[in-house]
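Listed below, chain by chain, are the residues.
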Amino acid sequence: IRSLALLRIENLTKRYKTGDTALKSVNLEVPKGQVLALIGPSGAGKSTLIRCVNRLVEPTEGNILLDDMELTTLGSGQLRKARRSMGMIFQEYALVERLSVMENVLSGRLGYVSFWRSFSRRFPQSDVTEAYRLLERVGLDHMADKRADELSGGQRQRVGICRALIQDPALLLVDEPTASLDPKTSRQIMRLICELCAERGLAAIINIHDVLLAQMFAKRIVGLQLGEVVYDGEPDGLTPDQLTLIYGEEDWEATIDKVEDEVSDAAAVESTEIVQ
Ligand code: ADP
């Protein structure tokens, strides 16, 4: 049976060996090109969910279909191939510090295989050209030869984004991309990820703890609480009651007003800004 969804998650359950049930029969469909923000408090299961999709975490039960291919039962060879269509962006960037920006981007061509085992330092010219193009797009082409450890947090995350995109994935899995960044840089990074997805028709699941950022940039929000989907809809539909259900007691009326202010601020200040 063919579906229109790029990614289809059915009754996904994850119980860790420790006995923690991180996901309880989660159902979720992501159409091609859709950017979805996955919100919820720490421990809700956000990270487990995206890691089940690329099988960095093994699901306990359920099905995960990417383009109608069942991922949960793939052997290691097929899994490696499937992972090429899933780019991953990490909270802590996961760059190789001693290597250059360019080398870090190119490492994305290697998929998830061990970096040191497979890094020959010889890449086809077409890969190098594409890496430059991506670095240019994120405003870092002038830093191609710098070592990763010379970069600021925002710049490092841009490199992480390029490394994920050079795989030419269909789906981006993004795990708390702004957790280590200041508020302004966080907005720039979220904006960049969403713009790149739109330019490339790329779907994304972005785990993001910060509701404000999620509401600013994603068209669909999925709220997780204790491993269950408790909200799935448009950002505007998130009421204070729903936020209370997801996050517990807080004054969400004030937060929502702040979102509206920030959205207009951010649009005014940053739309013309070239982000370095
Ligand atoms: P979030 O990303 O929303 O913070 P996680 O997916 O990291 O949530 O965690 C969900 C639940 O699973 C938590 O109760 C957490 O303690 C548990 N958990 C996460 N990773 C592991 C692990 N490797 N082993 C055991 N329990 C884990």
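Structural data are supplied above this passage.
It should be emphasised that the depicted structure is a prediction, and the values quoted were computed from it without experimental measurement. (Residues numbered from 1 in each chain as written. Predicted model: local features only at pLDDT ≥ 70, side-chain atom pairs only at ≥ 80, totals over all residues. Heavy atoms only, no water.)

J.: With reference to specific residues and values, describe the sheet that holds strand β1 (residues 5-15).
T.: Strand pairing in a sheet takes place through backbone hydrogen bonds and is either antiparallel or parallel in direction. Spatial ordering of the open sheet is given by β2-β1-β4-β5, a layout of 4 strands whose pairing is antiparallel. In the strand order of this sheet, the two ends are held by β2 (21-31) and β5 (69-70), each with one partner. (Pairing = 2+ DSSP bridges. Helix = DSSP H or I, 4+ residues; strand = E, 2+ residues; numbered from the N terminus.)

J.: If you had to explain the nonpolar core to someone new, which residues and values would you point to?
T.: Core analysis: the largest hydrophobic core is formed by 54 residues, its most contacted members being I39, L172 and I206. The biggest single contributor to this core is helix α7 (residues 183-200), with 7 residues. Setting aside residues no more than four positions away along its own chain, L172 makes contact with G87, I89, A164, L165, I193, C197, L202, A203, A204 and I205. I9, A44, I64 and M88 belong to the second-largest nonpolar core, a separate cluster that totals 30 residues. (Core = buried A, V, L, I, M, F, W, Y, C linked by side-chain atoms within 4.5 Å. Buried < 20%, exposed > 50% of the residue type's maximum accessible area, 1.4 Å probe, protein only. Contact = heavy atoms within 4.5 Å.)

J.: Please set out the packing of helix α6 (residues 153-165) against α7 residue by residue, giving values where relevant.
T.: Between α6 and α7, the shortest axis-to-axis distance is 10 Å and the interhelical angle comes to 20°. By the angle between their axes, α6 is roughly parallel relative to α7. Viewed along their axes, α6 and α7 form a crossing whose handedness is right-handed. Along its contact with α6, which presents G154, Q157, R158, I161 and L165, the element α7 presents T185, Q188, I189, L192, I193, L196 and R200. Here the residues of the contact of α6 with α7 sort into 6 nonpolar, 4 polar and 2 charged. (Axes fitted to C-alpha atoms, helices over the stretch in contact; angles between N-to-C directions. Parallel < 35°, antiparallel > 145°, perpendicular 65-115°, else oblique. Left-handed = near helix turned anticlockwise from the far one by under 90°. Nonpolar A, V, L, I, M, F, W, Y, C, P; charged D, E, K, R; others polar.)

J.: Could you give me a rundown of the site of the ligand, with the residues and numbers involved?
T.: With respect to spatial proximity, the complete set of residues near the ligand consists of Y16, T18, D20, A22, P41, S42, G43, A44, G45, K46, S47 and T48. A distance of 2.7 Å is found between an oxygen atom of the ligand and a backbone nitrogen or oxygen belonging to G43. A distance of 2.5 Å is found between an oxygen atom of the ligand and a side-chain nitrogen or oxygen belonging to T48. Protein coverage of the free-state accessible area of the ligand, which is 550 Å², stands at 62%. The greatest single-element share of the shell around the ligand, amounting to 3 residues, is contributed by helix α1 (residues 46-53). Considering only residue class, the shell around the ligand consists of 4 nonpolar, 6 polar and 2 charged. (Near = heavy atom within 4 Å. Polar contact = N/O pair within 3.5 Å; in protein donor to acceptor, adjacent residues only side chain to side chain. Areas by Shrake-Rupley, 256 points an atom, 1.4 Å probe, with all protein chains shown as cover.)

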